[in-house]
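Now for the letters of each chain:
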Amino acid sequence: MLKNRSMILKLATMKQININIFHSLMRHKMIAPLCAFAFFGLTACNVDNGLDLQKPLASESLSINPVPANGQVRLFTTSANGVSLLKQDSASLLSGVNMAPTTIEVDPSQHKQTMEGFGYAITYSTAYNLLKMDKAERETFLKRTFSPTAGYGASYVRISIGCSDFSSTEYTLCDKPGLENFALQNDETHFVIPVLKEILAINPDLRIIASPWTCPRWMKVADIVTKTPHNKWTDGHLNPDYRATYAQYFVKFVQAMQQQGIHIYAVTPQNEPLNPGNCASTYMPWQEEAPFVKELTHAFKSTGLSTKIYVYDHNYDYANGQDDYPVKVYDALGSGYNGSELVVGAAFHDYGGNNSELSDVYEKAPGKELIFTESSIGTWNDGRNLSKRLVADMKNVVLGTVNKMCKAVLVWNLMLDSRMGPNLAGGCQTCFGAVDIDAANYKNITYNSHYYVISQIASVVKPGAVRLGVKRDIQNDKLIHAEFLNTDGTCAVVLLNTGDYDQLITLSDGNHHFQIKVPTNAVVSARWK
């Protein structure tokens, strides 16, 4: 009796699964009604039609993100309802041609951009909170976040040159006039640098991009015509007479970090150059950034530095007649200046405008790179509510930028505390981190959408991966996806289901295929070989 009851339950479950799949396919007109009888009967032809149910996925208790063995698929799933949170599963690759109408087939011959990594900002606040943790617990968290073999493999971080709005105070690295007074300060030496060293011990290939919020106040003027001194942290312009000096300030920073064993991979000339109202800021329209960049490339080149330079580093919508800011910088610079090869592209934030601007800039400057360097969550966008944020952030911050040629994606603070700090007056008082740690004990961690969306893609897409095109796609505007080929020969795909129904999708590389279920309002990442 028990055996028969078990069999009946099993058959009922299989029938319901197939009913759900059938309704999904019918809704998207992917199978004809004539096929319904054969579908419910689970009949199969001698050619794989892709409609037979693959062996159920095995949920595993594996170390995070192992490289899949030959013939295996590694999957990670996060759902907006919280049922799956970076849940790791495995599946087997099936050989042969697949004819399912729900198949996405990658095309290894269609190469798009080469990926450089995904990650977070390591601000003073992030470092402060991390260093308040128990050492072993911090090591576990950082390993889970940054290890390419035993973690989710975040591989890119952003730091400030001097203060940001998440520093202990307003400062630069040379507050007293004269570059002989340049020095790394307490925020760097006692907080950011120790944390960077711990991360580098976990992931030695970590890329670091650095940006200043303000130049030293003694270099500021109210305007570049009268050059009236502007001895304030907020607003003001870089005095044209100090462009060469400020370029050497960048050189000294890169060299000082090198002396600490930290390689600065790239810089931007100014964080949010069109935002004069931050707690520390310098207003730098394109007409002023272009000549400074020329001084910066000359300074880097003459001192043997190969640090990359990304211009702009601000929103999609520009401001004050500054449309196409990066393109205008490129045009103003020309091509014959010393160190021109160091100006590799532009960086963007998403606090204004739409990421369609990435496509516009790429079309106008296809020889230049694009990266995405900042997005925040907070009280204004229900930032701790995964059901509200996961799909939006995966769609707009990650896949929306990667599918528009961005080579890297970084979000703002990796870790803030439960009081949204520490932070500075005049900066963001309502921001959440990718994770938030309880300020009462520095043990309990709340994981927010930004941690999940970065981990979902970083877990399967590694630095050096090439984004691929597809030979076959499905007609389903509720499914957003991106495909990649990693340097170790593994393929990867990230799929986001924004619809109200689970989606059963077949992935193929032309020689092998496998089926995966993408739950409603969820993201699934896969890596196989």
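Residues numbered from 1 in each chain as written. Predicted model: local features only at pLDDT ≥ 70, side-chain atom pairs only at ≥ 80, totals over all residues. Heavy atoms only, no water.

A.B. asks: Explain the pairing of strand S7 (residues 156–161) to me, using residue names and the numbers behind them.
C.D. replies: For S7, the buried fraction is high: six of the six residues fall into the buried class. In this sheet, S7 lies alongside strand S6 (residues 117–121) in parallel orientation, the contact comprising three bridges. Its bridge partner lying in S7, Ala 121 is registered against Arg 158. Here six bridges tie S7 to strand S8 (residues 207–212), and the two strands are oriented parallel to one another. Looking at S8, one finds that Tyr 156 is bridged to Arg 207. Crossover handedness for the path S7 to helix H5 (residues 186–202) to S8: right-handed. (Buried < 20%, exposed > 50% of the residue type's maximum accessible area, 1.4 Å probe, protein only. Helix = DSSP H or I, 4+ residues; strand = E, 2+ residues; numbered from the N terminus. Pairing = 2+ DSSP bridges. Right-handed = clockwise from strand over helix to strand, strands pointing away.)

A.B. asks: Tell me what's going on with empty space enclosed by the protein, and back it up with residues and numbers.
C.D. replies: As enumerated under the stated definition, the model contains two cavities of 30 Å³ or more in all. Taken as a whole, the largest cavity spans an internal volume of roughly 80 Å³. Ile 159, Ser 160, Gly 162, Glu 188 and Val 192 are the residues nearest the centre of the largest cavity, which is lined by 13 residues in total. Residue contributions to the lining of the largest cavity peak at four residues, all from H5. Of the residues contributing to the lining of the largest cavity, the split by class is eight nonpolar, three polar and two charged. (1 Å grid on protein atoms, 1.4 Å probe; cavity = no way out; pocket = protein on both sides within 12 Å on 5 of 7 lines; lining within 4 Å. Points joined across faces, edges and corners; volume = space filled by probe spheres on them. Nonpolar A, V, L, I, M, F, W, Y, C, P; charged D, E, K, R; others polar.)

A.B. asks: Talk me through the sheet that holds strand S11 (residues 266–267); I want residue IDs and the actual numbers.
C.D. replies: The strand order around the closed barrel formed by eight strands is S6-S7-S8-S11-S12-S13-S14-S16, and the pairing between neighbours is parallel. Sheet topology note: the S11/strand S12 (residues 308–314) ladder contains two bridges and is parallel. Across the sheet, Val 267 pairs through a bridge with Ile 309, a residue of S12. Each of S12, strand S13 (343–349) and strand S14 (369–374) touches helix H8 (residues 325–333); the most contacted strand, S13, lies at about 160° to it. (Contact = heavy atoms within 4.5 Å. Axes fitted to C-alpha atoms, helices over the stretch in contact; angles between N-to-C directions.)

A.B. asks: So, the side chain of Glu 483: which residues are in play, and what are the values?
C.D. replies: Considering the arrangement of structural elements, one finds Glu 483 in strand S22 (residues 479–485). With no salt bridge to any partner, buried Glu 483 finds its closest opposite charge in Arg 467, at an N-O distance of 6.3 Å. Separated by 2.4 Å, the side chains of Glu 483 and His 481 make a polar contact. Non-local contacts of Glu 483, meaning those with residues more than four positions away in its chain, are made with Ile 104, Val 106, Val 466, Arg 467, Leu 468, Val 470, Ala 492 and Val 493. (Lys, Arg positive; Asp, Glu negative; His and termini not counted. Salt bridge = Lys/Arg side-chain N within 4 Å of Asp/Glu carboxyl O. Polar contact = N/O pair within 3.5 Å; in protein donor to acceptor, adjacent residues only side chain to side chain.)

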